Amino acid sequence: MDFKKALLLLFITLFTSIASQAQTKHKKPAARKPAAGLKASITRGQALFTQYCVACHQADGLGVPHMNPPLVKTTYVLGDKSKLIKIVLNGFDEDVEINGETYSNTMAAHDFMKDQEIADVLTFVRNSFGNKASAVTIAQVKATRATNKK
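Here goes a summary of the coordinates provided. (Residues numbered from 1 in each chain as written. Predicted model: local features only at pLDDT ≥ 70, side-chain atom pairs only at ≥ 80, totals over all residues. Heavy atoms only, no water.)

### Side note on the overall build of the chain
If you tally the helices and strands in the chain, you get seven helices and two strands. Reading the helices (α) and strands (β) of the chain from amino to carboxyl end gives α-α-α-α-α-β-β-α-α. Taken over 150 residues, the chain has a buried fraction of 31%. Within the chain, counting contacts between residues at least 6 apart in sequence, those at least 24 apart form 58% of the total. Accessible surface computed for the chain: about 10,100 Å², of which carbon and sulfur atoms make up 61%. (Helix = DSSP H or I, 4+ residues; strand = E, 2+ residues; numbered from the N terminus. Buried < 20%, exposed > 50% of the residue type's maximum accessible area, 1.4 Å probe, protein only. Contact = heavy atoms within 4.5 Å. Areas by Shrake-Rupley, 256 points an atom, 1.4 Å probe, with all protein chains shown as cover.)

Following this line, the structure appears as structure tokens:
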């Protein structure tokens, strides 16, 4: 191979390499996978559940008979997110019947929790104890808090 051809081949190789690096630098970062965000929210929510909820609802989510309701596959947990958020914000002081059993212990309001914390703990509850439901978002908590009335 003569010198000119070798120089041309070197130039093409170098140009291709530089162009490839420039494209890599300007690529937008991959969007965060929803599954990764959900997993992180559940992990944070589990810590909050342990801190604020486990004493009444128990580690297995089954609650305490006739006092604190279970969190396992109930319409309260799996149903309307806004209603669930309001329970966390306002507490709950009504007798409630779940699966034929009445629960009557008062739950204190947890309105001191940040929107992210409420979203995380409710996402944990909605995805634990055999539950499988969509995440609660910060936006949903903010909107519910903004319009919250007991």
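From this point, the discussion proceeds with the structure in view.
### Structural notes on the packing of helix α5 (residues 81-90) against helix α6 (residues 115-126)
At a minimum axis separation of 11 Å, α5 and α6 run at an interaxial angle of 120°. When the axes of α5 and α6 are compared, the pair comes out oblique. Once α5 is placed against α6, the crossing between them reads as right-handed. For the pair α5 and α6, the contacting residues are K81, L84, I85, V88 and L89 in the first and I118, L122 and R126 in the second. Class assignment for the residues of the contact of α5 with α6 results in six nonpolar, no polar and two charged. (Axes fitted to C-alpha atoms, helices over the stretch in contact; angles between N-to-C directions. Parallel < 35°, antiparallel > 145°, perpendicular 65-115°, else oblique. Left-handed = near helix turned anticlockwise from the far one by under 90°. Nonpolar A, V, L, I, M, F, W, Y, C, P; charged D, E, K, R; others polar.)

### Quick word on the side chain of H110
One can find H110 in the loop between β2 (101-103) and α6. Within the local environment of H110, its side chain forms a polar contact with the backbone oxygen of A108, the two atoms lying 2.8 Å apart. Setting aside anything within four residues of it in sequence, one finds H110 in contact with Y52, V88, L89 and I118. (Polar contact = N/O pair within 3.5 Å; in protein donor to acceptor, adjacent residues only side chain to side chain.)

### Quick word on α6
What sets the pattern is the α-helix's 3.6 residues per turn: residues three or four places apart point alike. For α6, which comprises 12 residues, the first-to-last C-alpha distance of 16 Å matches the rise-based estimate of 16 Å (1.5 Å per residue) to within 8%. The buried count for α6 comes to 10 of 12 residues, which makes it a mostly enclosed element. For α6, the set of buried residues is D115, I118, A119, D120, V121, L122, T123, F124, V125 and R126. (Expected span 1.5 Å × (residues − 1).)

### Things to note about the nonpolar core
In terms of nonpolar packing, the biggest core is built from 19 residues, with F49, I85, I118, V121 and L122 touching the most fellow members. Residues contacting V121, with those up to four places away along its chain left out, are G45, L48, F49, C53 and M113. One finds I87, F92, V96 and Y103 within the second-largest nonpolar core, a separate group that totals five residues. (Core = buried A, V, L, I, M, F, W, Y, C linked by side-chain atoms within 4.5 Å.)

### Considerations on the packing of aromatic side chains
Considering all chains together, one arrives at five aromatic pairs under this definition. Taking 5.5 Å as the distance between ring centres and 50° as the angle between the ring planes, the aromatic pair formed by F49 and F129 counts as tilted. With a gap of 80 residues between them, F49 in helix α2 (residues 34-52) and F129 in the loop between α6 and α7 (138-146) connect regions that are remote in the sequence. Look at F49 and you get buried, because its relative accessible area is 3%. The class for F129 is buried, based on a relative accessible area of 18%. Look at Y52 and F112: their rings are 5.3 Å apart centre to centre, the planes differ by 65°, and that puts the pair in the edge-to-face class. Here the residue Y52 occupies a position in helix α2, and F112 occupies one in the loop between β2 and α6, the gap between them amounting to 60 residues. A relative accessible area of 28% means that Y52 is categorised as partly exposed. Each residue in the set F49, F124 and F129 is aromatic and connected to the rest through ring pairs, giving one cluster. (Phe/Tyr/Trp six-rings, centres within 6.5 Å; stacked < 30°, edge-to-face > 60°.)

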